[in-house]
Amino acid sequence: MATADRSRNEIDGTWQITMRPDLSPAHSAVLELSRDGDSLSAKIESADGTGTGEGFVDGSRMAWGV
């Protein structure tokens, strides 16, 4: 679960992130988030590949699966 202390409109966009998986070294990725009401669409691109997913926004909390 990620937490964001931002207004409704600031979730959308492209984010440079660092992924830190348990079984491999940390690496950079690009996360694209798009919100439509309480629904959230996510796309992530990294050296491991690309994935898309759907999720939700609830106040300052958001969650998605890829």
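First things first, this report covers the structure right here in the doc. (Residues numbered from 1 in each chain as written. Predicted model: local features only at pLDDT ≥ 70, side-chain atom pairs only at ≥ 80, totals over all residues. Heavy atoms only, no water.)

1. Description of the overall build of the protein
Which entries qualify depends on this criterion: Numbered from the N terminus, helices here are DSSP runs of H or I no shorter than four residues, and strands are runs of E no shorter than two. Partly exposed describes any residue whose relative accessible area lies between the buried limit of under 20% and the exposed limit of over 50%, with all areas from a 1.4 Å probe on protein chains only and scaled to the type maximum. Throughout, a contact is declared for two residues whenever any of their heavy atoms are within 4.5 Å.
Assigned secondary structure in the protein consists of zero helices and six strands. Mapped in sequence order, the helices and strands of the protein form the string β-β-β-β-β-β. A total of 66 residues make up the protein; the buried ones form 24% of that total. Taking the intrachain contacts of the protein between residues at least 6 apart in sequence as the baseline, contacts between residues at least 24 apart amount to 23%.

2. With respect to the pairing of strand β4 (residues 39–46)
Stated formally: Strands qualify as paired when DSSP identifies two bridges or more between them.
Here β4 shows a buried face lined by Leu40, Ala42, Ile44 and Ser46 and an unburied face lined by Ser39, Ser41, Lys43 and Glu45. Where strand β3 (residues 27–36) hands over to β4, the hairpin turn is made up of two residues, of which Gly37 adopts a positive phi near 70°. Sheet topology places β4 next to strand β5 (residues 49–58); eight bridges connect them, and they run antiparallel. Across the sheet, Lys43 pairs through a bridge with Thr52, a residue of β5. Count of turn residues in the β4/β5 antiparallel hairpin: two residues.

3. Observations regarding the nonpolar core
In plain terms, the rule: The nonpolar core is taken to be a set of buried Ala, Val, Leu, Ile, Met, Phe, Trp, Tyr and Cys residues, with the residues joined through side-chain atoms within 4.5 Å.
Within the largest apolar cluster, nine residues are counted, these being Ile11, Ala29, Leu31, Leu33, Leu40, Ala42, Ile44, Val57 and Met62. Taken together, the elements giving at least two residues each to this core come down to β3 and β4. Once you skip the residues sitting within four places of it in the chain, Ala42 turns out to touch Leu31, Glu32, Leu33, Gly51, Thr52, Gly53 and Trp64.

Take it as geometry only, folks, not as evidence of what the structure does.
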